[in-house]
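# Chains, contacts and geometry: an overview
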Amino acid sequence: CTPAELHAIQARKCLEAGIHVLCEKPFVLETKDKNYQIAKSLFSIAKEKKKILTVNTQWVSIIPYLEGDFDLKNIKSFSFYMEPPLRGELNLITEAIPHANSMLLGLISNKNLLPNNINFPISNDEEIIMQFNYGKCEAGYHFKLKEQRPRKLSFTINGTEFVREIGGNYTQQLVYNRKAIDIPDPLTESVKAFVGAINGKCGPLVSERDILNNIRIQDLIIKEYLSRKS
């Protein structure tokens, strides 16, 4: 939970010292758009030291709660809305895009796709919208500055919008079409999976492959954004 620019060096030192690592997002941000190889090297150290390394992109924990009512095998469109508390286009991207990417990767079965036809209909210090194709899925991310809580988080799958609602004692629901699904706190689920992985009872919530693909998508989108701004 340190500044993103410190994540890679601190994760490296922890792994080399024989310590398991659950890192906050963005996992690696040593450079604006060339973080993939750095992330890959950290997983190499984790394997060598036989330690768990994972990232707290916890929203994938809610995907199993959708499977009973929705066909998640044929996703034609996906959008993700979040209200980060940081001002500035790049800050909005790096703060929120790991969560959006993680959900997209958790929903799409083909893990080797890359985004194409990336565009930015809105881009300023308080709001950014990005749209791209991810295989056969039309994807859109919308991040808007909001410094005060509560902050809205929602996503849309094939036209159905799901909105996270927080109740008393931090109970949570996904509300859609006037219905509601009770969900456990995603952060708690992420930490439980991390501890379970350390104890050999399960894998971490997010796999190495999805974490690295998340970084790859992040790098490509930021590279495209920077090229257009220049």
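Here goes a summary of the coordinates provided. This structure is a prediction, so every number in the text was calculated from the model and none was measured.

### Quick notes on the side chain of Q218
Residue position: Q218 is located in helix α5 (residues 208-229). For Q218, a relative accessible area of 1% translates into the label buried.

### Re the pattern of salt bridges
Should the charged atoms of two oppositely charged side chains come close, the side chains can pair. On inspection of all chains with the given rule, the structure shows 9 salt bridges. The partner of D33 in a salt bridge is K34, and the shortest N-O contact between them spans 3.5 Å. The class of D33 is buried, set by a relative accessible area of 16%. Note that R87 and E126 form a salt bridge whose closest N and O atoms lie 2.5 Å from each other. Taken together, the residues R87 in the loop between β3 (77-82) and α3 (89-107) and E126 in the loop between β4 (116-124) and β5 (127-134) connect sequence positions 39 residues apart. Its relative accessible area of 41% is what places R87 among the partly exposed residues. Among the residues examined, E126 registers a relative accessible area of 40% and is labelled partly exposed. Among the charged side chains, a network of salt bridges with common partners joins R87, E126 and E147.

### Topic: helix α2 (residues 36-49)
Along its 14 residues, α2 runs 20 Å from first to last C-alpha, staying within 8% of the 20 Å computed at 1.5 Å per residue. Among all positions in α2, only Y36, I38, A39, L42, F43, I45 and A46 are buried. Buried residues along α2 sit against α1 (7-16), β2 (53-55) and α5. Looking one or two residues beyond α2, the residue adopting positive phi is K50, at roughly 55°.

### Examining the side chain of H99
Positionally, H99 belongs in helix α3. In this structure, H99 is in contact with K25, N56, T57, Q58, W59, F80 and M82, ignoring residues within four places of it in sequence.

### Some details on the pairing of strand β6 (residues 137-144)
Examined bridge by bridge, β3 and β6 share 6 bridges and lie parallel to one another. Among the inter-strand pairings, S77 is bridged to a residue of β6, identified as E138. For β5 and β6, the ladder comprises 8 bridges, and the chain directions are antiparallel. Looking at the pairing, Q131 lines up with G140 of β6. Connecting β5 to the antiparallel partner β6 that follows it, the hairpin turn spans 2 residues, and G135 within it adopts a positive phi of roughly 65°.

### Structural notes on the nonpolar core
Formed by 63 residues in total, the largest nonpolar core has its most connected members in F27, F78, F80, Y141, F143 and F155. Here this core gets 9 residues from one element, more than from any other, and that element is α3.

### Notes on a nonpolar patch on the surface
A contiguous nonpolar patch, built from L187, V191 and V195 and spanning about 210 Å² of accessible area, is present on the exposed surface. Its location among the elements puts V191 in helix α4 (residues 186-198).

### With respect to unusual backbone geometry
A cis amide bond links K25 with the next residue in sequence, P26, at an omega value of -10°. Relative to the helices and strands, P26 is located in the loop between β1 (21-23) and α2. Residue P150 follows R149 across a cis peptide bond; omega there is 0°. We note that N177 has phi near 45°; this positive angle belongs to a residue other than glycine.

### Regarding the sheet that holds β5
Taken in spatial order, the 8 strands make up an open sheet running β4-β5-β6-β3-β7-β8-β9-β10, and their pairing is mixed. Edge positions in the sheet fall to β4 and β10 (179-183), since each of these pairs with one other strand and no more. On average, each strand axis in the sheet is tilted by 15° relative to the strand beside it, whichever way the strands run. Examined bridge by bridge, β3 and strand β7 (residues 153-157) share 5 bridges and lie antiparallel to one another. By the bridge assignment, S79 is partnered in β7 with T156. The strands touched by α3 are β3, β4, β5, β6 and β7; relative to β6, the strand with the most contacts, the crossing angle is about 145°.

How each quantity is defined
Residues numbered from 1 in each chain as written. Predicted model: local features only at pLDDT ≥ 70, side-chain atom pairs only at ≥ 80, totals over all residues. Heavy atoms only, no water. Helix = DSSP H or I, 4+ residues; strand = E, 2+ residues; numbered from the N terminus. Buried < 20%, exposed > 50% of the residue type's maximum accessible area, 1.4 Å probe, protein only. Salt bridge = Lys/Arg side-chain N within 4 Å of Asp/Glu carboxyl O. Expected span 1.5 Å × (residues − 1). Contact = heavy atoms within 4.5 Å. Pairing = 2+ DSSP bridges. Core = buried A, V, L, I, M, F, W, Y, C linked by side-chain atoms within 4.5 Å. Patch = residues over 30% accessible without salt bridge, like charges linked within 9 Å, V, L, I, M, F, W, Y side chains within 5 Å. Areas by Shrake-Rupley, 256 points an atom, 1.4 Å probe, with all protein chains shown as cover. Axes fitted to C-alpha atoms, helices over the stretch in contact; angles between N-to-C directions.

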